Amino acid sequence: MAGKTLVIAQQKGGSGKTTLAAHLAVAFTKRWRVAILDVDPQGSLGQWFEIRERRLGEDRAGLVLRTASGWGAKREAKLLARDHDLVVIDMPPRSDLEARNVIEIADLVAVPVQPTPVDLWATQATLELVERGGPPSVLVINRAPARAQTTDQMIAKLAELGAETLEARIGNRVAFGSTMGLGSTVMETFPGSKAADEVEAVAAEMKRHLDVAAP
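Residues numbered from 1 in each chain as written. Predicted model: local features only at pLDDT ≥ 70, side-chain atom pairs only at ≥ 80, totals over all residues. Heavy atoms only, no water.

Q: Sorry if this is basic, but what is going on with helix 9 (residues 194-210) here?
A: Think of an α-helix as 3.6 residues a turn; residues three or four steps apart then line up on the same face. With 17 residues, helix 9 extends 24 Å from end C-alpha to end C-alpha; this agrees with the ideal 24 Å at 1.5 Å per step. Buried residues of helix 9: Ala-195, Ala-196, Glu-198, Val-199, Val-202, Ala-203, Glu-205, Met-206 and Leu-210, and no others. Remark: Asp-211 follows helix 9 within two positions and exhibits a positive phi of approximately 55°. (Helix = DSSP H or I, 4+ residues; strand = E, 2+ residues; numbered from the N terminus. Expected span 1.5 Å × (residues − 1). Buried < 20%, exposed > 50% of the residue type's maximum accessible area, 1.4 Å probe, protein only.)

Following this line, the structure appears as structure tokens:
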């Protein structure tokens, strides 16, 4: 049986999409065989993985990486799903054609959203793109400020878009950026921290949505 495919998509750049993809992928390795597919031309997820491999060694990176673009991304995702329980795909921003092509085979699309009006507008466009592809989607509040009132106001507006917003949120913490530069994650570098707990909580909610049985 083929594994499930989780697409991380957001039409707006700078939403923390790649950071979320890397952290979720590592969180899921505790349960499943995970592959990551970098479809973003910037290649940030691939760069993170290369640093990770140099630091840990190929046998200890815990993940398999592939890169692809255009129509090849859909084929590569299908191939990876044959040998892995989960494929996490980092999509490029502002790419309707490529995104729709990959979204067609997704089991779930996760949309990271910073609690700002600009992100709200971009999220609406992203969800419209997902609806044309067909799979279910969830919104992930990312880089949430400490001011809960601001975030709560934005969540109320997100509810109007019709997609479910995960209960778990990821805060605006320096630790995420610093660990990405090391090819690591907050769970590995700062275990037991608030940042690590936030990622684990998001992963647990997504697991229920993906409904993937542990191998």
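Text resumes after the structure shown.
Q: When you look at the pattern of salt bridges in this model, what are you seeing that I'm missing?
A: Opposite charge on two side chains allows them to pair when their charged atoms are near. What the rule picks out here adds up to seven salt bridges. Residue Lys-17 pairs with Asp-90 through a salt bridge whose shortest N-O separation is 2.8 Å. Residue Lys-17 is found in helix 1 (residues 17-28), and its partner Asp-90 is found in strand 4 (residues 86-90); the two are separated by 73 residues along the sequence. For Lys-17, a relative accessible area of 7% puts it in the buried group. With a relative accessible area of 0%, Asp-90 lands in the buried category. (Salt bridge = Lys/Arg side-chain N within 4 Å of Asp/Glu carboxyl O.)

Q: Hey, could you run me through the packing of helix 1 against helix 2 (residues 44-56) in this one?
A: Two measures define how a pair of helices packs: the angle their axes make with one another and the distance between the axes. Orientation of helix 1 relative to helix 2, taken along the N-to-C sense of each, is 45°, at an axis distance of 9 Å. As far as their axial angle goes, helix 2 and helix 1 are oblique. Between helix 1 and helix 2 lies a crossing of right-handed hand. Residues Thr-18, Ala-22 and Val-26 of helix 1 form the contact with helix 2, whose participating residues are Ser-44, Leu-45, Trp-48 and Arg-52. (Axes fitted to C-alpha atoms, helices over the stretch in contact; angles between N-to-C directions. Parallel < 35°, antiparallel > 145°, perpendicular 65-115°, else oblique. Left-handed = near helix turned anticlockwise from the far one by under 90°. Contact = heavy atoms within 4.5 Å.)

Q: Just checking my understanding: could you explain the packing of helix 1 against helix 9 for this structure?
A: As a packed pair, helix 1 and helix 9 sit with axes 10 Å apart at the nearest point and diverge in direction by 75°. Judged by the angle between their axes, helix 1 and helix 9 are roughly perpendicular. Where helix 1 abuts helix 9, its residues His-23, Leu-24, Ala-27 and Phe-28 lie against Val-199, Glu-200, Val-202, Ala-203, Met-206, Lys-207 and Leu-210. Class assignment for the residues of the contact of helix 1 with helix 9 results in eight nonpolar, one polar and two charged. (Nonpolar A, V, L, I, M, F, W, Y, C, P; charged D, E, K, R; others polar.)

Q: Any chance you could explain the environment of Thr-19 here in plain terms?
A: Tracing the backbone shows Thr-19 in helix 1. When sequence neighbours within four positions are dropped, the list of residues in contact with Thr-19 reads Phe-176 and Met-180.

Q: I would appreciate a short explanation of the nonpolar core in the present structure.
A: Soluble globular proteins tend to pack their nonpolar side chains together in the buried interior. Core analysis: the biggest nonpolar cluster contains 39 residues, and Leu-6, Leu-24, Phe-28, Ile-36, Trp-48, Val-88 and Met-206 have the highest contact counts within it. If one sorts the elements of this core by residue count, helix 1 sits on top with eight residues. Non-local contacts of Phe-28, meaning those with residues more than four positions away in its chain, are made with Leu-6, Val-34, Leu-86, Ala-203, Met-206, Lys-207 and Leu-210. Ranked by size, the runner-up nonpolar core spans 31 residues in total, among them Ala-77, Met-91, Ala-106 and Leu-129. (Core = buried A, V, L, I, M, F, W, Y, C linked by side-chain atoms within 4.5 Å.)

Q: What should I look at first to understand the packing of aromatic side chains in this one?
A: Two measures describe an aromatic ring pair: the distance that separates the ring centres and the angle between the ring planes. The full count for this structure, using the stated rule, is one aromatic pair. Measuring from ring centre to ring centre gives 4.9 Å for Phe-28 and Trp-32, while their planes differ by 20°; the resulting arrangement is stacked. According to the relative accessible area criterion, Phe-28 is buried, its value standing at 0%. (Phe/Tyr/Trp six-rings, centres within 6.5 Å; stacked < 30°, edge-to-face > 60°.)

Q: I would appreciate a short explanation of the environment of Pro-117 in the present structure.
A: If you trace the backbone, Pro-117 turns up in helix 5 (residues 117-133). Residue Pro-117 is classed as partly exposed on the basis of its relative accessible area of 45%. Linking Pro-117 and Leu-161, residues 44 residues apart in sequence, is a C-alpha distance of 13 Å.

Q: Explain the sheet that holds strand 2 (residues 34-38) here, please?
A: Within a sheet, each strand pairs with its neighbour through backbone hydrogen bonds, oriented either parallel or antiparallel. Judged by pairing direction, the sheet is parallel, and its seven strands sit side by side in the order 3-2-4-1-5-6-7 without closing on themselves. The sheet is open, and its two edges are formed by strand 3 (64-67) and strand 7 (164-165), each paired on a single side. Looking at chain direction, strand 6 (residues 137-141) and strand 7 are connected through two bridges and run parallel. Of the residues in strand 7, the one forming a bridge with Leu-139 is Thr-165. (Pairing = 2+ DSSP bridges.)

Q: Any chance you could explain unusual backbone geometry here in plain terms?
A: Backbone geometry follows two general trends: most residues other than glycine have a negative phi, and most peptide bonds adopt the trans configuration. Its identity is not glycine, yet Arg-143 carries a phi of approximately 55°, on the positive side. Mapped onto the elements of the fold, Arg-143 is located in the loop between strand 6 and helix 6 (148-159).

So yeah, pure geometry; function would need other evidence.
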